[in-house]
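# A closer look at the structure
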Amino acid sequence: MKSIGRYTVLSRLGRGGMSTVYKVAMPVTEKIVALKLLDPPEILAEIIGMDELRRYFLAEAVAMANLSHPHIADVWDCDEQDGRPFYIMEYFCNNLGTLIGEPEDETGPSRPLRPEQVFRYGAQILEGIACLHQAGIVHRDIKPGNVMVTDHHLAKIADFGLALWRQTPLPSPEQIKIGSLAYAPPEQRANPDEVDGRADLYSLGVTLHRLFFGCLPGGATLTAAGDDSSPLATLLMPFFDKACAPRPGDRYATAIDMAEAYTALAGQWRSEKKDFCEIVLPTLDEPVPEPTARLRHQPKRIAGCHAAAQFGLGADMQPRRFFVNEFVHKRDGTVTDRATGLVWQRRPHPQTLPWPQAGPHIDGLNRQRFAGRGDWRLPTVDELLSLLNSRSDPTALCGEPVVEVRGKWLWSADRRGKNTAWYVCTDPPFVGWQDDTCRYAVLAVASGG
């Protein structure tokens, strides 16, 4: 399929309960958006009927288009092709599932995020859920993969294919699973058409637990906290006991109630972290850099199956080792790392850029002789990895990064395929790949001097 309506199809993103989602380009501007097309499985069309599915699909599009909230994905257009309706949504390169490396079966361990990140994302998601519930919508599939993350780290709830709409109720066929088993509350598994907003709060509770600790509630390892007695776990466990209670009546009554409790916990954590850092940082010995072999600076095209070995990564695409840097500030906006012999811009370009625009930006720095140099280039993955901190390093929790890249996705010079490139996420630290139309941060590097 080369086009749908006025939109050029670039790739298929996935298939849901009754629709298929495509990555498409808008006419003239070529802006990248997502297109959701009514495309139900045959069994669903037979059970419910295409006319009824069409009515429900269009009602979903209208309801979403009428929602205006910074933490809910926007719907911009609605049309049809060959009698099948479709609507246009924001396109996102990232979601919380990819950020944490959630396994396909949803039960294994994943990468935890910094507590500050989770408190921020959680508060944003709760705002979005409150808006949905006020509009009479129960999402029924809140999970990391359905929370999109913008280039500026805003969380946006998406994928309303399983939502329960008060104004356009549609019975849920017994053959169709409603929600994800790891995140759906008990009452939703038993009777999905009778749930209320507390089902979403349960699912969010499970999601937040995974973001904080890298596992589902009851998981064998709290990878971010160390064990159940860690300060973070001790602080949060009463919250999770209530948010993830099996009985709806034992949970938070509304998203607003849950948000108030969550905001209070964030304040307590900031206070505990401040006390911890005031004790720990002054006692830390100054790290002694170890001699480092020259890092690869020539870009490569590296297939996905060879990436872990090439970049020195574990199965979770996280670094197996971290560098001890010896940064020296310069007044010209650069930082020299004596441990690696690299010179970095202190701050990335203020705007995120698609990969094809990274090269011209670097060329501009060289023409301008930024910091008196003309040898700036886009770093390789190996070079970007030298900037990352281990999560076990107290300075990663308490200190501010010398090169200001915390929480950034940074393009590398390394390609994965014709239209894809490798990037490095700085928090949590991992290597990933993306379509080169995605907009990530660009940081220039030079060798020595």
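Now for a quick tour of the structure.

Conventions and cut-offs
Residues numbered from 1 in each chain as written. Predicted model: local features only at pLDDT ≥ 70, side-chain atom pairs only at ≥ 80, totals over all residues. Heavy atoms only, no water. Salt bridge = Lys/Arg side-chain N within 4 Å of Asp/Glu carboxyl O. Helix = DSSP H or I, 4+ residues; strand = E, 2+ residues; numbered from the N terminus. Buried < 20%, exposed > 50% of the residue type's maximum accessible area, 1.4 Å probe, protein only. Pairing = 2+ DSSP bridges. Contact = heavy atoms within 4.5 Å. Axes fitted to C-alpha atoms, helices over the stretch in contact; angles between N-to-C directions. Core = buried A, V, L, I, M, F, W, Y, C linked by side-chain atoms within 4.5 Å. Parallel < 35°, antiparallel > 145°, perpendicular 65-115°, else oblique. Left-handed = near helix turned anticlockwise from the far one by under 90°. Nonpolar A, V, L, I, M, F, W, Y, C, P; charged D, E, K, R; others polar. Phe/Tyr/Trp six-rings, centres within 6.5 Å; stacked < 30°, edge-to-face > 60°. Disulfide = S-S within 2.5 Å.

On inspection of all chains with the given rule, the structure shows 23 salt bridges. Residue Glu80 is joined to Arg54 by a salt bridge in which the shortest nitrogen-to-oxygen separation is 2.6 Å. Residue Glu80 is located in strand 5 (residues 75-81), and its partner Arg54 is located in helix 2 (residues 50-66); the two are separated by 26 residues in the primary sequence. The exposure class assigned to Arg54 is partly exposed, which follows from its relative accessible area of 26%. For Arg198, the salt bridge is made with Asp196, and the minimal N-O distance between the two is 2.7 Å. For Asp196, a relative accessible area of 31% puts it in the partly exposed group.

With that settled, the discussion passes to the sheet that holds strand 6 (residues 84-89). With respect to topology, 6 strands assemble into an open sheet ordered 1-2-3-4-6-5, the strand pairing being antiparallel. Every interior strand has two partners, whereas the edge strands, strand 1 (3-4) and strand 5, have only one. Of the strand pairs in this sheet, strand 3 (residues 19-25) and strand 4 (residues 32-38) are connected by 7 bridges, and their pairing is antiparallel. For Tyr22, the partnering residue across the bridge sits in strand 4 and is Leu35. Against the sheet, helix 2 touches strand 3, strand 4, strand 5 and strand 6, its axis set at about 20° to strand 6.

Turning our attention to the nonpolar core. As a rule of thumb, nonpolar side chains are buried together in soluble globular proteins. Residues Phe160, Phe212 and Phe239 are the most contacted members of the largest nonpolar core, which totals 83 residues. It is helix 4 (residues 115-134) that contributes the most residues to this core, 9 residues altogether. Trp344, Leu385, Val405 and Val424 belong to the second largest nonpolar core, which has 23 residues in total.

As a further point, take the environment of Ala184. Relative to the elements of secondary structure, Ala184 occurs in the loop between strand 11 (164-165) and helix 5 (186-190). A relative accessible area of 2% means that Ala184 is categorised as buried. With 19 residues separating them in the primary sequence, Ala184 and Ser203 have C-alpha atoms 5.8 Å apart. Other than its neighbours up to four places away in sequence, Ala184 contacts Ile178, Arg189, Tyr202 and Ser203.

The subject of this paragraph is the packing of helix 6 (residues 198-213) against helix 7 (residues 231-243). At their nearest, the axes of helix 6 and helix 7 sit 9 Å apart, and the two run at 160° to each other. The angle between helix 6 and helix 7 places the two elements in the roughly antiparallel class. Along this stretch, helix 6 crosses helix 7, giving a crossing that reads as left-handed. Listed contacts from helix 7 to Leu201, Tyr202, Gly205, Leu208, His209, Phe212 and Phe213 of helix 6 are Leu232, Ala233, Leu236, Met237, Phe239, Phe240 and Ala243. Residue classes in the contact of helix 6 with helix 7 are distributed as 12 nonpolar, 2 polar and no charged.

All chains considered together, the criterion is met by 16 aromatic pairs. When the centroid spacing of 5.3 Å and the interplanar angle of 50° are considered together, the rings of Phe119 and Tyr262 count as tilted. One end of the pair, Phe119, is in helix 4; the other, Tyr262, is in helix 8 (residues 255-280), and 143 residues separate them in sequence. For Phe119, a relative accessible area of 7% gives the class buried. Consider the rings of Phe212 and Phe240, whose centres lie 6.3 Å apart with planes at 75°: the pair is edge-to-face.

Time to look at the side chain of Glu187. Within the fold, Glu187 resides in helix 5. In this structure Glu187 comes out as buried when scored by relative accessible area, which is 19%.

Before going further, it helps to spend a moment on the pairing of strand 13 (residues 334-337). Burial of the side chains of strand 13 extends over both faces: Thr334 and Thr336 are buried on one face and Val335 and Asp337 on the other. As paired strands, strand 12 (residues 327-329) and strand 13 are joined by 3 bridges and run antiparallel to one another. Its bridge partner being in strand 13, His329 is matched across the sheet by Val335. Counted along the chain from strand 12 to the antiparallel partner strand 13, the turn is 4 residues long, and its residue Gly333 has a positive phi close to 85°. Sheet topology note: the strand 13/strand 14 (residues 342-345) ladder contains 4 bridges and is antiparallel. The residue bridging Thr334 from the neighbouring strand is Gln345, located in strand 14.

Evaluation of the coordinates by the stated rule reveals 1 disulfide. At a sulfur-sulfur separation of 1.9 Å, the disulfide partner of Cys93 is Cys438. Measuring handedness by torsion sign, the sulfur bridge of Cys93 and Cys438 sits at about -100° and is left-handed. Residue Cys93 is found in the loop between strand 6 and strand 7 (94-95), and its partner Cys438 is found in the loop between strand 18 (429-435) and strand 19 (439-440); the two are separated by 345 residues along the sequence. For Cys93, a relative accessible area of 16% puts it in the buried group. Taking relative accessible area as the criterion, Cys438 reaches 0% and is therefore assigned buried.

Geometry only, nothing functional implied.
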